[in-house]
Structure formats: structure tokens, C-alpha cells
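Okay, here's what each chain looks like letter by letter:
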Amino acid sequence: MRLMPLPKRVLQCGRLSLDLSQPHVMGILNVTPDSFSDGGKHNEKDQAVSYALQMLADGATVIDVGGESTRPGASVVDIEEEICRVVPVVEALSKYDVIISIDTSQPQVMRAAAQAGAHIWNDVRALTRPQALETAAELNIPVIIMHMRGEPTTMNNLNQYNDVTTEVIKELQLRVNEALTAGVKPENIMIDPGFGFAKNAQQNLKLLNEFYKLNDMGYPILSALSRKRFIGEALGGVDAQSRAVGSVAAHLFSIQQGACMVRSHDVKVMSEAIKVWNAMNNLGV
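In short, a report on the structure. (Residues numbered from 1 in each chain as written. Predicted model: local features only at pLDDT ≥ 70, side-chain atom pairs only at ≥ 80, totals over all residues. Heavy atoms only, no water.)

Quick notes on the sheet that holds strand β9 (residues 222–223)
Spatial ordering of the open sheet is given by β8-β7-β6-β5-β4-β3-β10-β9, a layout of eight strands whose pairing is parallel. Both edges of this open sheet fall to β8 (189–192) and β9, since each of them pairs with a single strand only. As paired strands, strand β3 (residues 24–30) and strand β4 (residues 62–66) are joined by five bridges and run parallel to one another. If you follow L29 over to β4, its bridge partner there is V65. Set on the sheet, helix α9 (residues 267–281) makes contact with β3 and β10 (261–264); between it and β3 the angle comes to about 175°. (Pairing = 2+ DSSP bridges. Helix = DSSP H or I, 4+ residues; strand = E, 2+ residues; numbered from the N terminus. Contact = heavy atoms within 4.5 Å. Axes fitted to C-alpha atoms, helices over the stretch in contact; angles between N-to-C directions.)

Overview of the nonpolar core
Among the nonpolar cores identified, the biggest contains 74 residues, and L29, V65 and L93 are the most heavily contacted of them. Ranked by residue count, the leading element in this core is helix α2 (residues 79–93), at seven residues. Discounting residues that sit within four places of it in the chain, V65 has contacts with L29, V31, V86, V89, L93, I100, S101, I102 and D103. With 16 residues, the next largest nonpolar core counts L18, V62, I99 and A224 among its residues. (Core = buried A, V, L, I, M, F, W, Y, C linked by side-chain atoms within 4.5 Å. Buried < 20%, exposed > 50% of the residue type's maximum accessible area, 1.4 Å probe, protein only.)

Shown next as C-alpha cells:
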């Protein structure tokens, strides 16, 4: 039985809407050459669109398009290059009834993607780039605010916590407050605790074990731990391609504690796991 029932809430995404009272799968579409798990696989537009449609067929309800890797030590991508990577894919996907998320921290990229048909801003830097807050308020679209300290090049040196869960919630709340002050509507805010970002393996596991505490913030929660290094470490040091089952198990544990969306590389198996999960929870026992 689910420990934390999901509240009845609808996320409005342009003319489309997302019922957050049931867990959803966000399929990962990296149009990058250097992402840690699937870099270089979907660089071409036709390849990317074909893969996105396959993820939809496999059960994804959101496609998250990313044009810049945020793996530890990743290099920064020029804004124009990032736009060139993501916008043609968004334009092609916008012809279908699909909710499109953009994994970017650049307000210029998000603005161009929104004009091309994107619906959700997924920002690992929590709207800290110049003009990001103002852009989020102006675009009036859902935004996912994620916890991270520093940058991908520095975050592994910033994982000092007295209590990781308490401090993640406190720091997330500060970013949410900044967004609200800038004019972002409360109904447009989702949060993400940022598994793997400025957190070591033990801190990630503790955060997962106490995931339910994030519900006190009162916002829908995204769990994004697919194929992360701490999953591999828990499995004895396996590589990214061998972490699907471990990722599904961890994602289900976060759903049990209130996550309404999981960001996954392995959409088919994740969707099937959620179907079984929902069947169990619909027994009424």
C-alpha cells in the first residue's frame, strides 16, 4: 500500500494537462554527445524523435529533452549550440499530443523551446541563472526546481551536510520562495531533491529513505535517480547500462513516499512496474 497518497492535482501544460494523482514516467531524451548514460545516441533529430515516440508507446507521459550534459565534470555548452540541439526536436515533437519538458538552466534556451512548443522547464540549477526567475514568471509554465550546490564541475566538493534531508528541504524552500517572489505561480512549481547532485552515495540513500519528508513542502515531487552512480554502487559497482532494475526499485520506493513523477532512461520497465504498483494499490485492502 502506498504510504503517501498522491493529492488530486492537475499540472496545466498549455492545452494539455497532467493528472498528478497517479505517478507518471518522464522519459529522458538527451540530444547530447556526452551524457553519462546515453550520450551520442540521439543527436540527430530523426533519431531523437523516433526514440521519443517509442518512449511514449512504452508508457512515458512526459518527454524531457536535454541539450547539455549535467554529469559531474561536464563542460558548459554555448547557448546557441544548446538551442540548435533542442529546438528542432521540440518543433518535431510538438506535432504530437505529448508533454515536452526541457532540461536546461538557460532562460534563452527555455524561451526558444517554449516558443517551439515545450511545456515544462526542468532546471537543475533551480532558476539561479541571470533572468531565469523573471523568464519563468513571464512564460507562466510549470517549472521543476531541483536541489544542487555549485555547478557540475564543483558539486562533488560541496556535499558536506549535518542532515542531508533537512538541509535539502531548507535549501529547496529558499529557491521556491525566490520563485514565488519573482511571480512564479504556486500551481506551476514542482520540486526535485536532486539525487546525485552534490551528494555522495550514503547521502543519496538517506535522502531516498526519508523522501516522504519532502511532502511537507506542499509541492508535487519529481524523483530523478535513473542509473545514478549511487544505484551502481549499491549494486556492487555495475556500469550505467546495468542499473535499470535497481533504478526501478528505487523509483518505486520514492513513489511509495509521494513522488508523482519519475525521470527514467528505462521507460518500458518503469511503466510496467508502475502498472503492477497501481494494481496492488487499487485492491482496496
